[in-house]
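A look at the structure
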Amino acid sequence: MLERVLGVAVRTGAEFAEVYAEDKRSTSAGLDDGRVEQVTSGRDRGAGIRVVKGDTTGFAHTADLSEAGLVAAAEAAAAAASQGGGVTRTIALTRGPERTVSPVAQYPDEVLKADKVALLLRMDDAARSAGGSIVQVSAGYGDSRKRMLVANTDGVFITDEQVRTLVRISVVADGDAGMQTGYQSCGHTIGFELFDNVDIEALARDAARQALTKLVARPAPSGALPVVIKQGSGGVLFHEACGHGLEADLVAKGGSVYKGKKGELVASPLVTLVDDGTMSGEWGAIAYDDEGHASQYNVLIQDGVLTDYMWDYLRARKEGRPQSGNGRRQSYQHLPMVRMTNTYVLNGTEEPDDIVRATEYGVYVAQLGGGSVNTASGDFVFGMTEAYLIENGQITEPLREGNLIGNGPDVLRDIDLLGNDFAMGNPGTCGKDGQGVPVGDGQPTLRVKSLTIGGTAA
Amino acid sequence: MSAELQELADRIVAQARSGEQVEAFVSRDTETDIRVYEGEVEHFVSAQSEGIGIRVIRDGRTGFAYAGTLDPSAIAEVLAEARDNVEFGTRDEWAGLAEPDGVDVVPQELWSERLAGYSTADKIALTKELERLTLAADSRVRIDDANYADVMAENAVASTAGIRRSGRENGCYVSVSTMADDGDETQTGFGFSVGRSPDEFDLAKAAREAADRATRLLGATKPQSKRTTVVFDPYVTAMLLGVVSSTLNGEAVAKGRSLFKDRVGDQVAHPSFTLVDDPTNSLAYTATDLDGEGLAARRNELILDGVLQGFVHNSYSARRVGAKSTGNAVRGGFKGTPGVGCLALQLKPGTRDQAAIVADVEDGVLIQTVQGLHSGVNPISGDFSVGASGLVISNGTVGAPIREFTIASTLQRMLLDVAEVGGDVDWLPMRAAGVSLVIRDVTLSGA
């Protein structure tokens, strides 16, 4: 049937057509203000059909997975890509190998909802027992099991299953100087066995500790200072400072400061940056990307030298080179584009304590929030949600929240100390062109010689 | 069409069992999305999506389920799942659905036959025209992409509490992203235009703004840190109001998460600051007749002459604080239950345009863009820190561009430090209208 649908899609003379189908079941539960407010069950099922003719892509999607529904979508996508023609092509699909990157032991849809809700109550208890100043707690649980299928006129035909399980907690503490917040999350591309190994009470206590610590925080400094970023908390820096700028679709349109820099030194020689969809269990791990290409371990920057960009089907075809397993989409309702998976910096050699000791005055960032980047100018920001002052080589007082701002190429060059304590960070959602996809990031403790701290203190 | 969705919602509600409250929300959207690059269609997306969300409440416990299809077997499964999920909620004495409150609906013109009949070829032609106009505006400008998008949405809600409403609306916009080069340096800009139908577009204005935004930042340098006065462009003000609105959210207040929770009647902002949420104003991009629970959308005064008047509520948050819903239930489609939010914020405009305002600023910065509102702003603590770019103002004149700096203060202080609200209201495609806004004494962090 897929072969017939693809045949319809290219009947108007298109060079390429693709069917992406998914069937996703999800469960989420939210606790707030001491109550389990709601358990939600969701079902998303449908197919997106893409047709490429010349430089034009036509796309249509449907929730109707019958042959009639798919053929109607294929006709719509073909019409969108073209205004006529009339050829017949026979498509022969070859089933790709079964591929497992993240093995699942306990499928979350086979776990009692009561057991999922119980996690939230335990997290609420743990956070509230952290101190009398904790005034509010909200916790969330979510899981999903998605079956997907990709078939295209190049003969690609794969099926895959993606499982995700996640918890998160937000805590509010109230003190003399107003309210402060703490946040923690944990998510992996595995099933409910996640909770055999993760201490969710410790996670909740850590969110509470963060909020309580900030009750006595002083305003962050204003201006350029050395910044030490704790292991596993600053991968978002690389995601923003250069990750997006290495996406081939942005590069091709001249919208990246890294355009034409392949083979050049773009970062401190300490930096080796990898995008790795094969990192088992991590939030950005995938067996196949959403164009049916097997995920890969891709070195983007080797010892400071830019080695390659990230590629999807369209950009790779245009350049006549292989894809890199980075063609991803939010759902069957979206077109794929170049996206990161798990993006991380490999270990250096320094002891993390030595990095702090080597810093006379600066900022120690223990947790970063989100960030964003203008890939054309290279300017990026990221928020610090837990940070401290470094004075005379010691971590001292906690700081209030704020953004840091820098320019990607400058910051990459300014990394002057790199630790040996690599860790992955919290699960993230990367937004691009209105689509969100799950990503992971990580890095060892490191120092940036100079970053602008967006605080209010002199 | 909407009648069909209403019947579907009615049929679900009719299946409510004794002791059960049931609400069904059904929607169907058709979207067109066209992207033009270098005179050719880069992509053309034509898509229809539909779905249903069902909420069941029994003995103070709530369960919810949704499906992205209106297939009858899937709908039966959604109702069964929502019922099953009830078992796992905590009993909540305030849980419940909205009840009809007798407030009359202010009718809005939300549907354009003109747009519904607009041809695909004409949509493509005007997107190409936008790209052409933008390129013609300045020789230093390149195009990232030019886009046209429209959506036609219809929905229906019904509940055992006696809510029964349906409606449809459509709208469209064009946008263009630009890059301007000078040697190694590249800066970016954007422009857009919105309308109920493409006839309302102002392509020339969108093109000019996209070119200006990118070119006027060329040569920008990083400024020295200092305390200064900022003049927010209308677009930036609208983003700020979005953050302010989360402090006025009745649910945040009920759960002790708003920094304004005990401040009704207090002077929380400068006397020139009057903020209303008015979705009945047809000029607002997000004007609407109904809220997410099917109650009439209405005008609510939130801050009057700097004095906090109250908060916005849906039926749940209102019950918790012993108030009535202000018609501010917000529903993000069929996949969720209604939350609380402002629908169409507007600052009461002052009298002067941006040029007159700037003429009175001795030393300051005209803020053109801000970055990182989601990462450096905490509406619970009030800490405010964003990346920014803009133009230096000295002795009343706009001068050199600056970039890669942050501006920081706290939300509490910024509202009190407002010096002037401009008269230049811009009805942006956001939940808040834009207007120039002057704020004194913020910290600029740069080199």
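Residues numbered from 1 in each chain as written. Chains lettered and ligands numbered in written order. Predicted model: local features only at pLDDT ≥ 70, side-chain atom pairs only at ≥ 80, totals over all residues. Heavy atoms only, no water.

1. Section: the overall build of chain A
The condition that has to hold: Working definition: helices are DSSP H or I runs of at least four residues, strands are E runs of at least two. Numbering for both runs from the N terminus. Within these notes, the globule rule equals 2.2 Å times the number of residues to the 0.38 power, and the radius of gyration is based on C-alpha atoms. Burial classes: relative accessible area under 20% of the type maximum marks a residue as buried, over 50% as exposed, and values in between as partly exposed (1.4 Å probe, protein chains only). Whether two residues touch is decided by their heavy atoms; if any such pair falls within 4.5 Å, the residues are in contact. The protein chains shown are the only cover counted for residues, whose accessible areas, like all others here, come from Shrake-Rupley with a 1.4 Å probe. By the counting scheme adopted, Arg and Lys are positive, Glu and Asp are negative, and His together with the chain ends is not counted. For the purpose of locating charges, the reference atoms are NZ of Lys, CZ of Arg, CG of Asp and CD of Glu.
Regarding its fold elements, chain A presents 10 helices and 23 strands. Since a compact globule built from 458 residues should have a radius of gyration of about 23 Å, the 24 Å found for chain A is in line with a globular shape. Expressed as lengths along the three principal axes of its C-alpha atoms, the size of chain A is roughly 75 × 55 × 35 Å. The burial tally for chain A puts 63% of its 458 residues in the buried class. For chain A, the share of sequence-separated contacts (at least 6 apart) that also reach a separation of at least 24 residues comes to 75%. Of the roughly 15,500 Å² of accessible surface on chain A, 48% is carried by carbon and sulfur atoms. Taken as two groups, the 43 positive and 60 negative side-chain charges of chain A have centres that lie 6 Å from each other.

2. Let's talk about the domain arrangement of chain B
Residue and element names in this part refer to chain B. We count it as follows: Domains are outlined according to an automatic or database domain assignment. Buried area, as used here, totals the accessible surface that two parts lose on assembly, with accessibility defined by a 1.4 Å probe and the loss added over both. The term salt bridge refers to a pairing of a side-chain nitrogen on Lys or Arg with a carboxyl oxygen on Asp or Glu at a separation within 4 Å. We define a polar contact as two N or O atoms separated by no more than 3.5 Å, with the added condition that, inside protein, one atom must be a possible hydrogen donor and the other a possible acceptor, whereas residues neighbouring each other in sequence contribute only through side-chain atom pairs. Three residue categories are used. Nonpolar comprises Ala, Val, Leu, Ile, Met, Phe, Trp, Tyr, Cys and Pro, charged comprises Asp, Glu, Lys and Arg, and polar comprises the others, including Gly.
Per the domain assignment, the segments making up chain B are domain 1 (2-215) and domain 2 (226-240 + 349-445). Here domain 1 and domain 2 have C-alpha centroids that lie 30 Å from each other. Listed by partner, the interface residues are six residues for domain 1 and six residues for domain 2. Together, Phe-190, Phe-192 and Arg-213 form the three largest contributors to the area buried by domain 1 at its contact with domain 2, with a combined 65%. Counting the contacts that link domain 1 with domain 2 gives zero salt bridges. Taken together, the connections running from domain 1 to domain 2 amount to one residue pair in polar contact (both at pLDDT 80 or more). Among the elements of the structure, β6 (185-195) and α5 (203-215) are those that each provide at least two residues to the side of domain 1 that touches domain 2. The leading source of residues in the side of domain 1 that touches domain 2 is β6, at four residues. Across the side of domain 1 that touches domain 2, the residue classes tally to three nonpolar, one polar and two charged.

3. A word on the interface of chain A and chain B
Contacts between chain A and chain B engage 69 residues on the former and 75 residues on the latter. Carbon and sulfur atoms make up 44% of the area that chain A and chain B hide from each other, which totals about 5,600 Å². Of all residues in chain A, A:Arg35, A:Met179 and A:Lys253 give up the largest surface area on contact with chain B, accounting jointly for 13% of the area buried on that side. Taking the shortest distance from any N to any O, the salt bridge between B:Lys255 and A:Asp32 comes out at 2.7 Å.

4. Overview of the side chain of A:Asp308
When you line up the elements, A:Asp308 lands in the loop between β11 (305-306) and α8 (313-319). There is a polar contact of 3.0 Å between the side chain of A:Asp308 and the side chain of A:Arg321.

5. Quick word on the pairing of strand β5 (residues 164-182) of chain B
Side-chain direction in a regular strand flips from residue to residue, so the side chains alternate between the two faces of the sheet. All names here are of chain B. How we decide: Between any two strands, pairing holds if DSSP finds at least two bridges.
As paired elements, strand β4 (residues 141-159) and β5 share 17 bridges and run antiparallel to each other. Among the inter-strand pairings, Arg-142 is bridged to a residue of β5, identified as Met-179. Counting the residues between successive antiparallel strands, the hairpin from β4 to β5 contains four residues, one of them, Gly-162, with a positive phi of roughly 100°. Relative to β6, β5 runs antiparallel, the two being bridged by 11 bridges. What sits directly across from Ala-180, in β6, is Gln-187.

6. Topic: the pairing of strand β1 (residues 16-32) of chain A
All names here are of chain A. Most of β1 is tucked away: 13 of the 17 residues are buried. Of the strand pairs in this sheet, β1 and strand β2 (residues 35-53) are connected by 17 bridges, and their pairing is antiparallel. Looking across to β2, one finds that Lys-24 is bridged to Asp-44. Looking at chain direction, β1 and strand β5 (residues 134-152) are connected through 15 bridges and run antiparallel. Residue pairing for β5: Leu-31 is matched across the bridge by Ala-139.

7. Describing the packing of helix α1 (residues 2-9) of chain A against helix α2 (residues 67-81) of chain A
Residue and element names in this part refer to chain A. The cut-off we apply is this: Each axis is a line fitted through C-alpha atoms, taken for helices only over the stretch in contact, and angles between the N-to-C directions span 0 to 180 degrees. Between 65 and 115 degrees an angle is taken as roughly perpendicular, under 35 as roughly parallel, over 145 as roughly antiparallel, and anywhere else as oblique. Each crossing gets its hand from how the near helix is turned against the far one by less than a right angle, where anticlockwise is left-handed and clockwise is right-handed.
With their axes 8 Å apart at the nearest point, α1 and α2 run at an angle of 25° to one another. By the angle between their directions, the pair α1 and α2 is classed as roughly parallel. As for the relative orientation of α1 and α2, their crossing is right-handed in sense. Residues Arg-4, Val-5, Val-8 and Ala-9 of α1 pack against Glu-67, Leu-70, Val-71, Ala-74, Glu-75 and Ala-78 of α2. Considered class by class, the residues forming the contact of α1 with α2 number seven nonpolar, no polar and three charged.

8. Overview of the packing of aromatic side chains
The criterion, for reference: Pairing of aromatic rings covers Phe, Tyr and the six-membered ring of Trp, with a centre-to-centre limit of 6.5 Å; geometry is then stacked below 30 degrees between planes, edge-to-face above 60, and tilted otherwise. A positively charged side chain is recorded as over a ring if its NZ (Lys) or CZ (Arg) lies within 6 Å of the ring centre. The angle to the ring normal must also be within 35 degrees.
Applying the stated rule across the entire model yields 12 aromatic pairs over all chains. A centroid spacing of 6.5 Å and a plane angle of 70° characterise the contact between A:Tyr309 and A:Trp311, whose relative ring orientation is edge-to-face. Summarising the burial analysis for this pair, A:Tyr309 and A:Trp311 share the class buried. Pairwise contacts between aromatic rings join A:Tyr141, A:Phe192 and A:Phe195 into one cluster. Directly above the aromatic system of A:Tyr107 lies the positively charged group of A:Arg145, at a separation of 3.7 Å from the ring centroid. Against the face of B:Tyr235 rests B:Arg213, its NZ or CZ located 6.0 Å from the ring centre.

9. Focus: the packing of helix α3 (residues 113-128) of chain A against helix α5 (residues 200-214) of chain A
Between two packed helices, what matters for the description is the angle formed by their axes and the separation of those axes. All names here are of chain A. Running from N to C, α3 and α5 cross one another at 40°; their axes reach a closest spacing of 8 Å. In this view, α3 runs oblique relative to α5, as classed from their interaxial angle. Where α3 crosses over α5, the two elements pack in a sense that is right-handed. Here α3 contributes Leu-119, Arg-122, Met-123, Ala-126 and Ala-127 to the contact with α5, which in turn contributes Ile-200, Glu-201, Leu-203, Ala-204, Arg-205 and Ala-208.

10. Quick notes on the nonpolar core
Residues and elements named next belong to chain B. Our working definition: Only buried Ala, Val, Leu, Ile, Met, Phe, Trp, Tyr and Cys residues count toward a nonpolar core, and they belong to the same one when joined by side-chain atoms within 4.5 Å.
Grouped together as the largest cluster of nonpolar side chains are 51 residues, with contacts concentrated most on Phe-232, Leu-240, Phe-273, Leu-275, Ile-367, Ile-407 and Ile-439. It is helix α6 (residues 234-247) that provides the largest number of residues to this core, a total of six residues. Apart from residues no more than four positions distant in its own chain, Phe-232 is found in contact with Thr-237, Leu-240, Gln-354, Ile-367, Ile-407, Met-414, Val-435, Ser-436, Leu-437 and Ile-439.

11. Digging into helix α4 (residues 120-137) of chain B
Along an α-helix, residues three or four apart share an orientation, since each turn contains 3.6 residues. All names here are of chain B. Here is the rule: To estimate the expected span of a helix, subtract one from its residue number and multiply by 1.5 Å. Here the arc refers to the directions that run from the helix axis out to each C-beta atom.
For α4, which comprises 18 residues, the first-to-last C-alpha distance of 26 Å matches the rise-based estimate of 26 Å (1.5 Å per residue) to within 8%. Buried within α4 we find Lys-123, Ile-124, Leu-126, Thr-127, Leu-130, Glu-131 and Thr-134. Along the axis of α4, the buried positions cluster into a sector of 165°, meaning they face one direction only. Residues of α4 that are exposed and point over 90 degrees away from its buried face: Ala-121 and Ala-136. Taken together, the buried residues of α4 touch β1 (20-37), β2 (40-58), β4, β5 and α5.

12. What about the environment of A:Gly434?
Residues and elements named next belong to chain A. Here Gly-434 is to be found in the loop between β21 (428-432) and β22 (435-443). Assessed through its relative accessible area of 73%, Gly-434 is described here as exposed. Residues Gly-434 and Gln-330, 104 residues apart in the sequence, show an inter-C-alpha distance of 9.2 Å.

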